[in-house]
Amino acid sequence: MGSTKELTCYTWEEVKKRCTREERWLVINRKVYDITRFVNIHPGGPRVISHYAGQDATDPFVAFHIDQELVKKRMCCLLIGELAPGEPSIEPFKDAAMVEDFRALRTTVEQMGLFHPSKLFFFVTLLHVLLLDVLAYVTMYYGGTSLISLLVTALLLATVQAQAGWLQHDFGHLSVFSRSSWNHVVHQFVIGHLKGAPASWWNHLHFQHHAKPNCFRKDPDINMHPLLFALGKKLSVELGMKKKKYMPYNHQHKYFFFIGPPALIPVYFQWYIFYFAIRRKKWADLAWMISFYVRFGLCYIPFLGVSGTIALFMVVRFIESNWFVWVTQMNHIPMNIDYDQNKEWLSTQLQATCNVDQSLFNDWFSGHLNFQIEHHLFPTMPRHNYWKAAPLVRSLCKKYGIEYQSKPLFTAFADIVHSLRESGELWLDAYLHK
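Just so it is clear, the model here is predicted, and its values are computed rather than measured.

The positions that UniProt labels "transmembrane region" (unreviewed entry) are, in the present scheme, residues 120–142, 148–167, 255–278 and 290–316. End-to-end, the C-alpha atoms of residues 120–142 are 32 Å apart, and along that stretch the chain is 100% helix and 0% strand. Counting secondary structure, residues 148–167 comes out at 100% helix and 0% strand; the distance between its end C-alpha atoms is 28 Å.

In structure tokens, the structure reads:
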């Protein structure tokens, strides 16, 4: 047997400097990894891992991977050293006690079995999506093309799209099966065949959002700043001081209703997802997507013709888009939006995330994303267990003086508009007077 190679020791200051295009290092459990070349073949995409270049990535590594030992073995070729003995396990400016307490909390919820999914829950969830899809077709088949039949069919199909969206989210986060490969396969089916979108596109965007929520230039969910909206207090003032005016931001709380919630209407979005799949040669994703459109056409062209089916599809996407945007933005847009401050995992997620009060309707309507805080802290946790983890998370936040926000559903919706109005006014004041 060969002798164990002695690892080179590095300081945090040395690691911090390696966050450029030419050289990228990160730290996981005190081990230093050179990910410079690996980023291009990283299964989660190059950007999500690059967002932690020069930083400690221990907590996001644990949060995103369900088989950590396997991943560590595959990363052995990237290992170049470890932190020097005198260096702390996390960056010196972070709250070490908070980090340790959060990791202890994760161990506690693991021991409580909260990462063990209920296969029955997800089976019933999938079954209810499929039954609603069948019910939409039956409504058209027996009800004909009357206005009421068309409206009921459109509402049912939009519900299918929304609920399938929450379900693909579960598989995308590896929270249903114990093996990543099984989650990936079913994820492709749900998002591809039931929704007509590529799983690879969702992975590329969504994991970046989780890694650095509400961090400008790292979270793609806030890429509408500054071309469409001025988001966050600090960024809005900065935009005003630079005399940038791509839109009349002081009116953004009004035009949001016209260009925000209808974002998924098949124009740019519909073209882009096909472009994404083809450009990246995701042929399996493309095949699943095509199967959705073929099935939709076979079901409804006999009743409505080609133009009528396209019109139905547009209406369904319009309803779904409003549903999707209000739910996904209510937890983040009203929260702190800034550049990456490289804070503790608990602080990073809580400053960018809030909850919506629990109820049977809220749980179903949002796919349990009303527990956004717990979801962001533990993204692989099955959603039916969020409510069990919530009291423990709330207690830890209280210990460290971190605000844990939970609000009624319509208050959360209203806060989107209120926050847009506030940041628009801050932009205008800075634009005119600073």
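Remark: helix 6 (residues 119–143) packs on helix 7 (residues 147–172), axes separated minimally by 9 Å, with the N-to-C direction vectors making an angle of 160°. Between helix 6 and helix 7, the angle falls in the class roughly antiparallel. Note on packing geometry: the crossing formed by helix 6 with helix 7 is left-handed. Residues Phe122, Thr125, Leu126, His128, Val129, Leu132, Asp133, Leu135, Ala136, Thr139, Met140 and Gly143 of helix 6 touch helix 7, and the partners they reach there are Ser149, Leu150, Val152, Thr153, Leu156, Leu157, Thr159, Val160, Gln163, Ala164, Leu167 and Asp170.

Turning our attention to the side chain of Gln55. With respect to the helices and strands, the residue Gln55 is situated in the loop between helix 2 (46–50) and helix 3 (58–64). On the basis of relative accessibility, which here comes to 8%, the residue Gln55 falls in the buried class. Once you skip the residues sitting within four places of it in the chain, Gln55 turns out to touch Trp12, Val15, Trp25, Leu26, Val27, Glu91, Lys212, Lys218, Asp340 and Asn342.

Further remarks concern a nonpolar patch on the surface. Together, Val134, Leu135, Tyr137, Val138, Tyr141 and Tyr142 make up an exposed nonpolar region whose accessible area comes to about 600 Å². With respect to the helices, strands and loops of the structure, Val138 is situated in helix 6.

On to the packing of aromatic side chains, then. What the rule picks out here adds up to 41 aromatic pairs. Ring centres 5.0 Å apart and planes at 75° place the aromatic pair Tyr141 and Tyr142 in the edge-to-face group. Tyr141 sits in the partly exposed class, given a relative accessible area of 48%. Consider the rings of Phe296 and Phe313, whose centres lie 5.6 Å apart with planes at 75°: the pair is edge-to-face. The rings of Tyr137, Tyr141, Tyr142, Phe274, Phe292, Tyr293, Phe296, Tyr300, Phe303 and Phe313 are connected pair by pair, giving a single aromatic cluster. Over the face of the ring belonging to Trp25 we find Arg18, whose NZ or CZ atom lies 4.1 Å from the ring centre. Directly above the aromatic system of Tyr431 lies the positively charged group of Lys243, at a separation of 5.7 Å from the ring centroid.

For the rest of this paragraph, the subject is the nonpolar core. Grouped together as the largest cluster of nonpolar side chains are 51 residues, with contacts concentrated most on Leu346, Leu377 and Phe378. The dominant element in this core, judged by the number of residues it contributes, is helix 17 (residues 386–399), at six residues. In this structure, this core is formed jointly by two domains, domain 1 (9–90) and domain 2 (94–433), each of which donates at least three residues. In contact with Phe378, other than residues within four places in its own chain, are Phe102, Leu105, Arg106, Val109, Phe115, Tyr386 and Val393.

Glancing now at the environment of Leu150. Relative to the helices and strands, Leu150 is located in helix 7. By relative accessible area, Leu150 is classed as partly exposed at 26%. Look past the residues within four positions of Leu150 in its chain and what remains in contact with it is Met140, Thr145 and Leu304.

Right, let's talk about the environment of Ser118 for a bit. In this structure, Ser118 sits in the loop between helix 5 (96–111) and helix 6. With relative accessibility at 27%, the residue Ser118 sits in the partly exposed group. Considering only alpha carbons, one finds Ser118 and Ala352, 234 residues apart in sequence, at a separation of 29 Å.

Bringing helix 11 (residues 252–259) into the picture now. For helix 11, the full list of buried residues reads Gln252, His253, Tyr255 and Phe256. Angularly, the buried residues of helix 11 cover 160° about the axis, an arc narrow enough to put them on a single face. On its buried face, helix 11 is in contact with helix 13 (283–329) and helix 18 (409–433).

Calculation rules
Residues numbered from 1 in each chain as written. Predicted model: local features only at pLDDT ≥ 70, side-chain atom pairs only at ≥ 80, totals over all residues. Heavy atoms only, no water. UniProt positions renumbered as here; feature names shortened; annotations may be inferred. Helix = DSSP H or I, 4+ residues; strand = E, 2+ residues; numbered from the N terminus. Axes fitted to C-alpha atoms, helices over the stretch in contact; angles between N-to-C directions. Parallel < 35°, antiparallel > 145°, perpendicular 65-115°, else oblique. Left-handed = near helix turned anticlockwise from the far one by under 90°. Contact = heavy atoms within 4.5 Å. Buried < 20%, exposed > 50% of the residue type's maximum accessible area, 1.4 Å probe, protein only. Patch = residues over 30% accessible without salt bridge, like charges linked within 9 Å, V, L, I, M, F, W, Y side chains within 5 Å. Areas by Shrake-Rupley, 256 points an atom, 1.4 Å probe, with all protein chains shown as cover. Salt bridge = Lys/Arg side-chain N within 4 Å of Asp/Glu carboxyl O. Phe/Tyr/Trp six-rings, centres within 6.5 Å; stacked < 30°, edge-to-face > 60°. Lys NZ or Arg CZ within 6 Å of the ring centre and 35° of its normal. Core = buried A, V, L, I, M, F, W, Y, C linked by side-chain atoms within 4.5 Å. Domains from an automatic or database assignment. Arc of directions from axis to C-beta.

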